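# Notes for the structure review
Residues per chain, in single letters:
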Amino acid sequence: MNMKYSYSFIGKIFVFIICIFIFYPFVDKFLNNLLGINETIVGNNHSLVGRNLVEGFIWSRNTINKFNVYQNTVNLNANQYNMQVLQEQASEDEAKELLRTGYWPWSEDTKKQYIEGVWQNPIIKFQPDSALDYAMKLYNETAAKRLLSWNTKEGQFLLYGSSNASSNDGENSKKNIIKCSEDNNPILQKTTVNGYNLFNGFKNTTTTDIAFSDIPNEMPGFSFVNGPCNPCSVLNDNLDYSCPFKLNVKGDDEISDVWKDLWSM
């Protein structure tokens, strides 16, 4: 009886140890959240935002604590921030400016671009100055530029693609849709509409990847600035702004100002 009890007890201990290894990441994350400790990634190493880190855009513990207090008092926790992403977008000095003045620091060019964007947007009913005042309390400059970028011709192309291209197959004209793929590593693809299924009414389509060097041939008005690359890379998880391009729309191939900034041109 004692031997059976010993085996049972040892078995329970063994199962308990296995459970610790399996569920440790979840328990650890729960405890970190409970204690107000957030994890961030520095390079390839995982570090805790509570240490005085200076690499890249990682803020000091003192600034993070003050930002959390600001969030819970002045901002009434009205807007939730992903601290990892926020520290990648804004420097510690920018965060200190927000804490001191209540506004994220923006350059005059970004302010001008934002006001122009408000004027041109028929949906936004705010007065431009009021909209700018509200936005500078909410968005750091990098985030604001990325928001502005989607309302440009470059941003619209990356988000929605183009259906202007067409190809001829004998007497039949086929409609082509050029668009970034919807996955974690998007690339430009061509979807050809070959007609409609007579039974269910669905489109009959064929989708193929476009080689970078072939994009200007497949997409009228498209040209690279520095040579062939992946224009859709800005949509991946790493937000890669390393592939500048031009779009000639109605004779205008000028790159939008916000994209010049994002592409560091």
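Calculation rules
- Residues numbered from 1 in each chain as written.
- Predicted model: local features only at pLDDT ≥ 70, side-chain atom pairs only at ≥ 80, totals over all residues.
- Heavy atoms only, no water.
- 1 Å grid on protein atoms, 1.4 Å probe; cavity = no way out; pocket = protein on both sides within 12 Å on 5 of 7 lines; lining within 4 Å.
- Points joined across faces, edges and corners; volume = space filled by probe spheres on them.
- Helix = DSSP H or I, 4+ residues; strand = E, 2+ residues; numbered from the N terminus.
- Expected span 1.5 Å × (residues − 1).
- Buried < 20%, exposed > 50% of the residue type's maximum accessible area, 1.4 Å probe, protein only.
- Arc of directions from axis to C-beta.
- Axes fitted to C-alpha atoms, helices over the stretch in contact; angles between N-to-C directions.
- Left-handed = near helix turned anticlockwise from the far one by under 90°.
- Contact = heavy atoms within 4.5 Å.
- Nonpolar A, V, L, I, M, F, W, Y, C, P; charged D, E, K, R; others polar.
- Parallel < 35°, antiparallel > 145°, perpendicular 65-115°, else oblique.

What follows deals with empty space enclosed by the protein. Under the definition given, this model contains one cavity of 30 Å³ or more. Computed from the structure, the largest cavity encloses a volume of approximately 30 Å³. Along the walls of the largest cavity sit Leu158, Asn230, Pro231, Ser233, Val234, Asp240, Tyr241, Cys243, Phe245, Trp259 and Trp263, which together make up its complete lining.

Compared with an ideal rise of 1.5 Å per residue, which puts 13 residues at 18 Å, helix H5 (residues 108-120) spans 18 Å between its outermost C-alpha atoms and is within 8% of the ideal. By the burial criterion, the buried members of H5 are Thr110, Gln113, Tyr114 and Val118. Buried residues in H5, looked at end-on, bunch into an arc of 140°, giving them a common side. Of the exposed residues in H5, the ones pointing more than 90 degrees away from its buried face are Glu108, Lys112, Trp119 and Gln120.

Okay, the packing of helix H2 (residues 61-72) against helix H4 (residues 92-101) next. Their axes nearest at 10 Å, the elements H2 and H4 cross at an angle of 35°. Where H2 crosses over H4, the two elements pack in a sense that is left-handed. Between H2 and H4, the contacting residues are Thr63, Lys66, Phe67 and Tyr70 on the first element and Glu92, Ala95, Lys96, Leu98 and Leu99 on the second. Across the contact of H2 with H4, the residue classes tally to five nonpolar, one polar and three charged.

Between H5 and helix H6 (residues 128-138), the least distance of the axes is 9 Å, while the angle of their chain directions is 125°. By the angle between their axes, H5 is oblique relative to H6. Crossing handedness for the pair H5 and H6: right-handed. Touching Lys111, Tyr114, Ile115, Val118 and Trp119 of H5 are Pro128, Asp129, Ala131, Leu132, Ala135 and Met136, all from H6. Its residues assigned to classes, the contact of H5 with H6 shows nine nonpolar, no polar and two charged.

Turning next to H2. Spanning 12 residues, H2 covers 17 Å between terminal C-alpha atoms, matching the ideal 16 Å at 1.5 Å per step. Every buried residue of H2 is listed here: Thr63, Ile64, Phe67, Tyr70 and Gln71. Mapping the buried residues of H2 onto a view down its axis gives an arc of 120°, with all of them on the same face. At its buried positions, H2 is contacted by helix H3 (83-89) and H4.

With that settled, the discussion passes to the environment of Val249. Within the element layout of this structure, Val249 appears in the loop between strand S8 (245-247) and helix H10 (257-262). Sequence spacing of Val249 and Phe222 is 27 residues, and the spatial spacing of their C-alpha atoms is 9.2 Å.

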